[in-house]
Amino acid sequence: MFSRFTTTALGGAAVLALSACASGPTMAPFSQADLPAAVQVPAGHRVAFETAAAGDITYLCQAKKDMAGQYEWVFMSPDAGLKGRKGERLGKYYGPPATWDFNDGSKVSGAQLAVAPNGSGNIPLQLVRANPAMGSGMAQGVSHIQRVATKGGVAPAAPCDASTMGSKRVVTYTADYIFWKPA
């Protein structure tokens, strides 16, 4: 805040005006204007809340379907902590199915509607249609969830072949999840 010297120098009226403006940090509303159209939430919705996720994604090495002798890393499950914009722990994200489980006793799951690339080495941006929430709390009324600002999380670069089939690898990722409700 202000030092005693600064307060004296500015005078009472100026301090009152400045402290009214500095009553707390305000975050600009989330804008999806820079997101690909495929992962934008339809008009008629508003941002309910935002979370930051940090965690792991587990991949399994398995044979490619209908492709004898070929193997691939397949997404198995995410496991991430969810924090609010002030750093407070809000809950966790896991799956399948994709589930956001909040400390207030509410949770919501959903089904993917669309994805869009987000650069090399990052899992894609994602749009999810939410199922009706369970429990009372912040998840109530959520209709859509966006995964944005992704970093990491892609399938491992480690070999996946007959000798590693059935093995699991864990990779780290971060993302923001934006929760939307009808306006």
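Higher on the page you've got the structure.
In this report, we go over the structure that sits alongside the text. Here the structure is a predicted model, which means the values were calculated and not measured. (Residues numbered from 1 in each chain as written. Predicted model: local features only at pLDDT ≥ 70, side-chain atom pairs only at ≥ 80, totals over all residues. Heavy atoms only, no water.)

**A closer look at the sheet that holds strand β8 (residues 168-182)**
Ordered in space as β1-β2-β3-β4-β5-β6-β7-β8, the eight strands form a closed barrel in which the pairing is antiparallel. Each adjacent strand pair in this sheet contributes to an overall mean axis angle of 30°, direction not counted. (Pairing = 2+ DSSP bridges. Helix = DSSP H or I, 4+ residues; strand = E, 2+ residues; numbered from the N terminus. Axes fitted to C-alpha atoms, helices over the stretch in contact; angles between N-to-C directions.)

**Some details on the state of the cysteines**
Inspection of every chain in the model, using the stated rule, returns one disulfide. Disulfide partner of Cys61: Cys160, at an S-S distance of 2.1 Å. Because the sign of the S-S torsion sets the handedness, a value of about 100° for the bond joining Cys61 and Cys160 places this disulfide among the right-handed ones. Highlighted residues: Cys61 in strand β1 (residues 45-63) and Cys160 in the loop between β7 (144-152) and β8, separated in sequence by 99 residues. Residue Cys61 is classed as buried on the basis of its relative accessible area, which comes to 1%. Overall, Cys160 belongs to the buried group, its relative accessible area being 15%. (Disulfide = S-S within 2.5 Å. Buried < 20%, exposed > 50% of the residue type's maximum accessible area, 1.4 Å probe, protein only.)

**Structural notes on the pattern of salt bridges**
Should their charged atoms come close, side chains of opposite charge can pair. Scanning the model with the defined rule gives two salt bridges in all. The salt bridge partner of Arg85 is Asp176, with a shortest N-O separation of 3.2 Å. With a gap of 91 residues between them, Arg85 in the loop between β2 (71-83) and β3 (89-94) and Asp176 in strand β8 connect regions that are remote in the sequence. Each member of the salt-bridge network shares a partner with another, and the members are Glu50, Arg85 and Asp176. (Salt bridge = Lys/Arg side-chain N within 4 Å of Asp/Glu carboxyl O.)

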